[in-house]
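Here are the chains, one letter per residue:
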Amino acid sequence: MFLFSIGVQSQSSHSAFNVGEWLKFRMHYGFLNASYATLQVNSTVINETPVYHVVGHGETTGVASWFFKVDDTYESYFDKKDGKPYRFVRKINEGGYTKDVEINFNYKTANAEFNDKKNKKKLNFTLEDDIQDLISAFYFLRNNYKTKDLEIGKAITLKMLYDDDGAFDFKLKYLGKEIVNTKYGKVECLKFRPLVQSGRVFKEQESLSLWVSNDDNRIPIRIKADLAVGSIKADLDGYNGLKHQFKIIMD
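Residues numbered from 1 in each chain as written. Predicted model: local features only at pLDDT ≥ 70, side-chain atom pairs only at ≥ 80, totals over all residues. Heavy atoms only, no water.

A. Structural detail: the confidence of the model for the chain. Here the chain averages 86 in pLDDT, and 82% of its residues register 70 or above. Here residues 198-204 is modelled with pLDDT under 50, and outside its nearest four sequence neighbours on either side it reaches 15 contacts, counting other chains as well. (pLDDT = per-residue confidence, 0-100. Contact = heavy atoms within 4.5 Å.)

Written out as structure tokens, the structure is:
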């Protein structure tokens with residue numbers, strides 16, 4: 001499979017988002033509305049560097065929470081100019097399974113410190129070129145890929161540091177354009193499939209698909225994971241503070 005990389009040095013002058021952007025997603029498992037998740041773009045400063053501070057939060061609601069309670073928070077602090085991450089936070093509670101992790105990226109020493117607060121364990125990793133965390137990667141790609149450069153069957157790839165097993169290649173295979181029916185109307189989307197090394201965050205053959213709006217916002221419209229029994233689907237359920245017009249196809 002051919003892969004093409006998007007490097008920090010090729011940062012586009014186009015910006016797909018602004019401070020104040022807020023996205024809400026409703027997750028379904030079968031007939032259940034299992035949970036809601038939000039992504040909020042804020043602004044702050046780390047070591048005198050202006051950064052975006054994105055907070056992602058998800059939790060189960062209603063009947064689903066009786067069976068399996070989830071309360072997850074992800075945070076990323078990344079450079080407003082080139083998208084480089086400075087800090088990543090992951091605090092999750094999924095049915096009693098918990099994690100409390102922080103990663104700090106130091107570009108002067110070319111080092112990333114992984115701090116597992118729950119288990120009181122610290123690890124150090126050598127920073128690789130164009131490294132991203134789980135959240136910053138999404139916003140980096142929104143600002144850097146060009147639709148005209150995408151080819152069906154080919155993939156975008158970048159390095160990601162997410163957990164204590166070090167950096168790995170994260171890939172998004174482009175599958176083409178599709179029209180998705182949403183609560184707002186029909187939206188033309190770019191469809192992707194994440195492909196990563198097996199044994200990492202995802203499995204190589206996991207059937208996970210992502211639909212992103214084919215406009216200047218490039219926001220997620222739908223995420224779907226096919227499981228052995230049924231499927232999980234997340235749909236855009238609310239938005240605010242988009243930088244560009246949200247394009248809806250008018251019949």
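That shown, we press on.
B. Quick look at the packing of aromatic side chains. Here the structure, examined in full by the defined rule, presents 14 aromatic pairs. The interplanar angle of 40° and the centroid separation of 6.3 Å between the aromatic rings of tyrosine 74 and phenylalanine 88 together place this pair among those described as tilted. Of the two residues, tyrosine 74 is situated in strand β5 (residues 70-79) and phenylalanine 88 in strand β6 (residues 85-94); the sequence distance between them amounts to 14 residues. Of the two residues examined, tyrosine 74 and phenylalanine 88, each falls in the buried class. Pairwise contacts between aromatic rings join Phe17, Tyr52, Phe78, Phe138 and Tyr139 into one cluster. A cation sits over an aromatic face here: lysine 24 above tyrosine 36, 4.6 Å from the ring centre. Its guanidinium or amino end placed over the ring of tyrosine 145, arginine 218 lies 4.9 Å from that ring's centre, counting from NZ or CZ. (Phe/Tyr/Trp six-rings, centres within 6.5 Å; stacked < 30°, edge-to-face > 60°. Helix = DSSP H or I, 4+ residues; strand = E, 2+ residues; numbered from the N terminus. Buried < 20%, exposed > 50% of the residue type's maximum accessible area, 1.4 Å probe, protein only. Lys NZ or Arg CZ within 6 Å of the ring centre and 35° of its normal.)

C. Expanded view of unusual backbone geometry. Backbone geometry at alanine 110 places phi at a positive 55°, although glycine is not the residue there. Topologically, alanine 110 is positioned in the loop between β7 (97-106) and β8 (111-116). Residue alanine 110 is classed as partly exposed on the basis of its relative accessible area of 35%. Unlike most non-glycine residues, lysine 120 shows phi in positive territory, near 50°.

D. Representation of the pattern of salt bridges within the structure. Taken as a whole and judged by the stated rule, the model has 15 salt bridges. A cluster of three or more residues bridged by salt bridges with shared partners is formed by Arg87, Glu102 and Lys117. (Salt bridge = Lys/Arg side-chain N within 4 Å of Asp/Glu carboxyl O.)

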